[in-house]
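Okay, here's what each chain looks like letter by letter:
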Amino acid sequence: MTKRKFGLALSMVLAASTILGACGTDKEEKNGNGSAGEKEAIDFSVAMVTDVGGVDDKSFNQSAWEGLQAFGKENGLTKGEGGFDYLQSASDADYNTNLNNLIRRDFDLVFGIGFLMQAAVDEIASQKPDNHLAIIDAVVEQPNVASVLFKEQEGSYLAGVAAALMTKSKKIGFVGGMDIPVIERFEAGFLEGVKAVDPSIKVDVQYTGAFDKAELGKTTANRMYSSGVDIIFHAAGGTGNGVFAEAKELKTKDPDAYVWVIGVDSDQYEEGAVGDTNVTLTSMLKRVDVAVQNISKLAAEDKFPGGETTVYGLAEEGVGLADSRGAIPDDVMAQIDEYAKKIADGEVTVPETVE
Amino acid sequence: MSNRLVNILVPVISVILGLIVGAIVMLVSGYDPVAGYAALWNGIFGDVYTIGETIRQITPYILAGLAVAFAFRTGLFNIGVEGQLIVGWFAAAYVGVAFDFPKYIHLPLALIAAAGAGALWGFIPGLLKARFKVHEVIVTIMMNYIALHTTNALIKTFSDGGDNTGPINPSASLRSEFLENMTDFSRLHYGILIALAMVFVMWLILEKTTRGFELKAVGLNHNASEYSGMNVNKNIILAMVISGAFAGLGGAMEALGTFEYASVKGGFTGIGFDGIAVALLGANTPLGVIFGAALFGSLKYGALNMPNEAGIPTEIVSIVIAIIIFFVASGYVIRLFVERFSKKKEAK
């Protein structure tokens, strides 16, 4: 039954896309895959390679995959050949293979998600100069690669402001994944944001050394909360799920406990749900989905920004805070918005590195 | 039943059994096992590119397997191959980046550095075992963590806070344009020749030298060896050093061939731990390690194509691959039983 419904929905999408596709502008046939006459949906396919996290990491990779799905839906594409797809890597050695596999399947644009893939994208790009690639969180200087960077420090600055305004114990925690430049931008922005509100607040900074070890995140969070920290901002991907787990445990034991987590990358509200309450204060959004969609759109319109580096900051709405759903009162929200405006207007520049 | 028949039948049956159970897993989870296995096959032997990549994947497995097997033959459980491989990886990358010599000096130097680093990492647990009877399993496991985080810190210092040593100089690289062109830009490199040479070296040491005989004797019964005048402690240390050197070379394969750099790692590579299974599958013999590594490497690499071509999720793929390896390993157990059984009969 559900299958039939799905099939119906699928054919509806297809039908709709045929109609929409007809009004689409003429695009260069890059693949020359035979069916030159009629077009179903747009003639553009896009795929991405994740790191070891996978598309259900509730964070970075998931956000990218949601971007691709949204792009596909918008343009009447389906998952799989000639539409959109992803491959997950089991180890660092798999990046090259996965990128190559997707290129061999004739995807018009292939994303490498994450700085870890920099060397692999660089290598494949020079081997396949006719194919278009894109990389998130790193710069690859090749004419056929579009690079995307985020000003994580700006979003994290707001997270820091929010945490500083909301803390009662004057102790805040930061849990990082690996100690790498990207995560340092989170840390630097966060510290700066806290300092801007109240320099006397102590921030406990801990790096777990991994993005996929929830148990490490849990023990770190446990130590922080028991030392009096009441708000933890995590920039640790899957490791951060352990931070949520610990906060939820505390909240289950004592529903009045004042413990909060600030999520990262995507809106992690659902991750923090405990019964009727929630431990998610807000999430620092890094709109990888927006970036993926934008680059795909440009490429589909034959305006692929090859060789360019696009930077998404607060002004470009590439980073920001998620809806707190009432966890942050309106008057505090208004203060945060003021800080946001200052950054977007260029009045305040947030440092990328910790001094 | 003739011995030869058993030898051929056992592995064939166990592989078929593994494939059947794997197929059931795929069927139950709603995926097409035929498409899945076709994708696995194509992922390994599909074209020159995948064949090249499969061989590349096998290369470090051979060396990791040799490292474990060599220690096993001397009665030592070297669980620290992972750590020895990581320090070897870093040492090779460091020499590759920091120096600039002609190829015939640079490449051997990088390889020696990797082997030396691995040997040092094996020497410490060997010494502790020989001198203070500290169990090598505990020490080697802990040395893995020390290796991981020390190299991470070194890479950071080395690259001024970055996460990568940067690419090694071409003069230290194992890669060759010839092999790459032949295999449509796969990362196949000359490391496979080194790995095979090491297989020969291990065979030579164990079977053709007095020292090898002593090492094996210590492994079989160290009391008897001591009684017959062998220096057990020295042999334990030596076995760990050689084992570590093999593992270090395995790291060099990654540093000088596959990646051409060393980067900060969030966790273990897993190659060293898989090396334990490779060695056991190969019955701790040099030739057996080649087969174990070939099985492990090709399944690991071919598995990547299953989500790609047949749309099977990675989780299911991992289960299927684990089942196949599990059955192959139990096939070895079955054979062991059969052999023991027939030996007992002969004795009577």
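An unreviewed UniProt entry lists chain B under the name ABC transporter permease, from Paenisporosarcina quisquiliarum. Within the UniProt record for chain B, the comment given under Subcellular location (unreviewed entry) is "Cell membrane".

For chain A, the name recorded in an unreviewed UniProt entry is BMP family protein, with Paenisporosarcina quisquiliarum as its organism. Taken from UniProt, the Subcellular location (unreviewed entry) comment for chain A reads in full: "Cell membrane". UniProt, in the comment section headed Sequence similarities (unreviewed entry), describes chain A in these words: "Belongs to the BMP lipoprotein family."

Enquirer: An account of the overall build of chain B is needed here, citing residue identities and associated values.
Expert: Of the regular secondary structure elements, chain B holds 15 helices and zero strands. For chain B, the C-alpha radius of gyration of 21 Å lies close to 20 Å, the compact-globule estimate for 348 residues. Taken along its principal axes, the extent of the C-alpha atoms in chain B is 55 × 50 × 35 Å. Counting across all 348 residues of chain B, residues that qualify as buried make up 53%. As displayed, chain B has an accessible area near 15,600 Å², and 71% of this comes from carbon and sulfur atoms. Between the centroid of the 22 positive side chains of chain B and the centroid of its 21 negative side chains there is a distance of 15 Å.

Enquirer: I'd like to hear about the nonpolar core, residue by residue, with values.
Expert: Ranked by internal contacts, the top residues of the largest apolar core, which has 172 residues, are Phe 111 of chain A together with Leu 256 of chain B. Ranked by the residues each element gives to this core, the list is headed by helix 11 (residues 232-258) of chain B, at 14 residues. Apart from the residues lying within four places of it in its own chain, the contact partners of Leu 256 of chain B are Ala 92, Leu 107, Ala 110, Leu 111, Ile 168, Ala 172, Ser 173, Leu 174 and Arg 175 of chain B. In terms of nonpolar packing, the next biggest core, distinct from the first, is built from 14 residues, Tyr 225, Ile 232, Val 243 and Ala 257 of chain A among them.

Enquirer: Tell me what's going on with the UniProt feature "domain: ABC transporter substrate-binding protein PnrA-like" (unreviewed entry) in chain A, and back it up with residues and numbers.
Expert: Mapped onto the present numbering, the UniProt feature "domain: ABC transporter substrate-binding protein PnrA-like" (unreviewed entry) falls on residues 45-352 of chain A. When the span residues 45-352 of chain A is considered, its composition is 40% helix and 22% strand, and the gap between its end C-alpha atoms is 35 Å.

Enquirer: I'd like a description of the interface of chain B and chain A, backed by residues and values.
Expert: Counting residues at the interface gives 24 residues for chain B, matched by 26 residues for chain A. When the buried area of chain B at its contact with chain A is split by residue, Tyr 49, Leu 304 and Asn 308 of chain B rank highest and sum to 27% of it. Across the chain B-chain A interface, the total number found is four salt bridges. As a salt-bridge pair, Arg 104 of chain A and Asp 184 of chain B come within 3.1 Å of each other at their nearest N and O atoms. Broken down by secondary-structure element, the contributors of at least two residues to the side of chain B that touches chain A are helix 3 (48-73), helix 14 (305-310) and helix 15 (314-347) of chain B. Here the residues of the side of chain B that touches chain A are counted per class, giving eight nonpolar, six polar and ten charged.

Enquirer: Before we move on, can you summarise the layout of surface pockets with the specific residues and values?
Expert: Residues and elements named next belong to chain B. In this model, the second largest pocket occupies a volume close to 850 Å³. Around the second largest pocket, the lining is made up of 31 residues, and of these Val 15, Phe 291, Ala 294, Leu 295 and Val 328 lie nearest the centre. Every element with two or more residues in the lining of the second largest pocket is listed here: helix 1 (3-28), helix 2 (33-45), helix 3, helix 13 (286-303) and helix 15. A total of eight residues in the lining of the second largest pocket trace back to one element, the largest contributor, which is helix 13. In the lining of the second largest pocket, the residues fall into 22 nonpolar, eight polar and one charged.

Enquirer: Outline helix 3 (residues 94-104) of chain A, supporting the account with residue identities and numerical values.
Expert: Residues and elements named next belong to chain A. Taking burial as the measure, the eleven residues of helix 3 include ten buried ones, the bulk of the element. Along helix 3, the residues classified as buried are Asp 94, Tyr 95, Asn 96, Thr 97, Asn 98, Leu 99, Asn 100, Asn 101, Leu 102 and Ile 103. Immediately beyond the C-terminal end of helix 3, within one or two residues, lies Asp 106, with a positive phi of roughly 65°.

Enquirer: Talk me through helix 8 (residues 191-208) of chain B; I want residue IDs and the actual numbers.
Expert: Residues and elements named next belong to chain B. Under the 1.5 Å per step criterion, the end-to-end length of helix 8 is 25 Å for 18 residues, consistent within 8% with the ideal 26 Å. Inspection of helix 8 places Gly 191, Ile 192, Ile 194, Ala 195, Met 198, Val 199, Met 202, Ile 205 and Leu 206 among the buried residues, and these make up the whole buried set. For helix 8, the angular spread of buried residues about the axis comes to 155°, placing them on one side. Opposite the buried face of helix 8, by more than 90 degrees, sit the exposed residues Leu 193 and Lys 208.

Enquirer: Please provide a residue-by-residue account of the domain arrangement of chain A, values included.
Expert: Residues and elements named next belong to chain A. Looking at the assigned domains, one finds that chain A contains domain 1 (42-150 + 288-312) and domain 2 (153-286 + 325-344). Computed from C-alpha coordinates alone, the two centres of domain 1 and domain 2 are separated by 29 Å. Taken together, the contacts link eleven residues of domain 1 with 13 residues of domain 2. Counting the surface domain 1 buries against domain 2, the share from its top three residues, Lys 58, Ser 59 and Phe 115, is 43%. Here domain 1 is connected to domain 2 by three residue pairs in polar contact (both at pLDDT 80 or more). Of all the elements in the fold, those that place two or more residues in the side of domain 1 that touches domain 2 are helix 2 (60-74) and strand 5 (145-150).

Enquirer: Please set out the confidence of the model for chain A residue by residue, giving values where relevant.
Expert: Confidence in the prediction of chain A, expressed as mean pLDDT, is 86, and 89% of residues score 70 or more. Between residues 17-39 of chain A, whose pLDDT stays under 50, and residues either more than four places distant or in other chains, the model counts 19 contacts.

Enquirer: Describe in detail the packing of helix 4 (residues 81-98) of chain B against helix 6 (residues 136-158) of chain B, supporting the description with residues and values.
Expert: Residues and elements named next belong to chain B. It is the contact of helix 4 with helix 6, at a shortest axis distance of 7 Å, that shows an interaxial angle of 20°. Between helix 4 and helix 6, the angle falls in the class roughly parallel. The two elements helix 4 and helix 6 meet at a crossing, and its hand is left-handed. In contact with Val 81, Glu 82, Gly 83, Ile 86, Val 87, Phe 90, Tyr 94 and Val 97 of helix 4, helix 6 contributes Asn 144, Ala 147, Leu 148, Thr 151, Leu 154, Ile 155 and Phe 158. For the contact of helix 4 with helix 6, the class distribution of residues is eleven nonpolar, three polar and one charged.

Enquirer: How would you sum up the UniProt feature "transmembrane region" (unreviewed entry) in chain B? Please name residues and give values.
Expert: All names here are of chain B. The UniProt record marks residues 6-27, 58-76, 83-99, 105-124, 188-206, 236-259, 271-296 and 316-338 with the feature "transmembrane region" (unreviewed entry), using the residue numbering of this structure. Helix makes up 100% of residues 6-27 and strand 0%, whereas the separation of the span's terminal C-alpha atoms amounts to 31 Å. The span residues 271-296 is 85% helical and 0% strand by assignment, and the distance between its end C-alpha atoms comes to 10 Å.

What counts and what doesn't
- Residues numbered from 1 in each chain as written.
- Chains lettered and ligands numbered in written order.
- Predicted model: local features only at pLDDT ≥ 70, side-chain atom pairs only at ≥ 80, totals over all residues.
- Heavy atoms only, no water.
- UniProt positions renumbered as here; feature names shortened; annotations may be inferred.
- Helix = DSSP H or I, 4+ residues; strand = E, 2+ residues; numbered from the N terminus.
- Rg over C-alpha atoms; globule rule 2.2 N^0.38 Å.
- Buried < 20%, exposed > 50% of the residue type's maximum accessible area, 1.4 Å probe, protein only.
- Areas by Shrake-Rupley, 256 points an atom, 1.4 Å probe, with all protein chains shown as cover.
- Lys, Arg positive; Asp, Glu negative; His and termini not counted.
- Charge placed at Lys NZ, Arg CZ, Asp CG, Glu CD.
- Core = buried A, V, L, I, M, F, W, Y, C linked by side-chain atoms within 4.5 Å.
- Contact = heavy atoms within 4.5 Å.
- Buried area = accessible area lost by both parts, 1.4 Å probe.
- Salt bridge = Lys/Arg side-chain N within 4 Å of Asp/Glu carboxyl O.
- Nonpolar A, V, L, I, M, F, W, Y, C, P; charged D, E, K, R; others polar.
- 1 Å grid on protein atoms, 1.4 Å probe; cavity = no way out; pocket = protein on both sides within 12 Å on 5 of 7 lines; lining within 4 Å.
- Points joined across faces, edges and corners; volume = space filled by probe spheres on them.
- Expected span 1.5 Å × (residues − 1).
- Arc of directions from axis to C-beta.
- Domains from an automatic or database assignment.
- Polar contact = N/O pair within 3.5 Å; in protein donor to acceptor, adjacent residues only side chain to side chain.
- pLDDT = per-residue confidence, 0-100.
- Axes fitted to C-alpha atoms, helices over the stretch in contact; angles between N-to-C directions.
- Parallel < 35°, antiparallel > 145°, perpendicular 65-115°, else oblique.
- Left-handed = near helix turned anticlockwise from the far one by under 90°.

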